[in-house]
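Structural characterization, general
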Amino acid sequence: MATYHLGMATILTLQHSAVGRPGRLGLTLRDHGFKLDVQRLDKHPDPANVTLDGRQGLIVLGGPQSPTDSSAWMRHEIDLIKRAHDAELPIIGVCLGCQLIGLALGGSVGKLDEPEAGFVDVDVVIAGQTDTITAGVPWRTRWFNSHEHAVTELPPGATRLMSSERCENQAFHAGLRTFAFQSHIEADRAIVDDLYSTERSLFERCGIDDAELARSADEYYPRFADVADRLSVNLASYAFPFSALIGS
């Protein structure tokens, strides 16, 4: 009989700002036995030295940068996404990460007519209603958002999972294990406050000031947190196969 032991599978995690932390998604993955290797390529002395070697997945988090930035470190991130996707490694993108996945896989990204910020109604579309990753996610939830760019055209072969009034491609699934979310599915309460503090002008353009954020967070955050936790567990359970944790 074969014997197995649990290892510590490592997920390369690309962070782009001090506030854009892995949050609840990171905690859930750690609870499921994964280790996060968090890297800031925008601060790295030699981004090309950050590779997928020995990594069992890739997370690309949000950030204030434009997805069309042509800097060397961002080009390397897009290349890492392409490599991970071609290798069928699990990939999760959030906000900026969602947009970079869209670009890396052949889609298009552009500016919205109006930014999308705060707790926004997001619908699970028909394809998402039967996808394992969105199992148990209500068909309409107020997800936390903070962005003015979005994936305007899905990559070839990708499937839209969620949509909102201002952002048609709120979430999509590409290939075997690539998942992209425009909403801040990772945001705990501290991240919500930090994103508002650092992107205040974007929120003000959406009519959200300190009082409105506090009111909406009191009303919508508890339900958002429950649903985001469910989605995080789904991702940890189904996007990242248990076999990645087993050594023989």
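1. A closer look at helix α4 (residues 189–198)
Among all positions in α4, only I191, V192, L195 and Y196 are buried. Buried positions in α4, seen along its axis, are confined to an arc of 135° and lie on one side of it.

2. Comments concerning the packing of aromatic side chains
Applying the stated criterion across every chain yields a total of eight aromatic pairs. Between F119 and Y220, the aromatic rings sit 6.3 Å apart at their centres with planes inclined by 45°, giving tilted as the arrangement. Note that F119 is positioned in strand β6 (residues 108–124) and Y220 in helix α6 (residues 210–239), a separation of 101 residues in sequence. Judged by its relative accessible area of 8%, F119 is buried. With relative accessibility at 18%, the residue Y220 sits in the buried group. The interplanar angle of 55° and the centroid separation of 5.8 Å between the aromatic rings of Y221 and F224 together place this pair among those described as tilted. Separated by three residues within a single helix, Y221 and F224 lie in helix α6, roughly one turn from each other.

3. Topic: the confidence of the model for the chain
When pLDDT is averaged across the chain, the result is 94; 94% of the residues are at 70 or more. Predicted confidence for residues 1–5 stays below pLDDT 50, and this span has nine contacts to residues more than four positions away or in other chains.

4. Here we look at the environment of F179
Here F179 lies in strand β10 (residues 178–181). Along the chain, F179 and I133 lie 46 residues apart, while their C-alpha atoms are 8.8 Å from each other. When near neighbours in sequence (up to four residues on either side) are disregarded, F179 contacts I91, I92, G93, I101, D131, I133, L161, F172, H173, L235 and A239.

Rules behind the numbers
- Residues numbered from 1 in each chain as written.
- Predicted model: local features only at pLDDT ≥ 70, side-chain atom pairs only at ≥ 80, totals over all residues.
- Heavy atoms only, no water.
- Buried < 20%, exposed > 50% of the residue type's maximum accessible area, 1.4 Å probe, protein only.
- Helix = DSSP H or I, 4+ residues; strand = E, 2+ residues; numbered from the N terminus.
- Arc of directions from axis to C-beta.
- Phe/Tyr/Trp six-rings, centres within 6.5 Å; stacked < 30°, edge-to-face > 60°.
- pLDDT = per-residue confidence, 0-100.
- Contact = heavy atoms within 4.5 Å.

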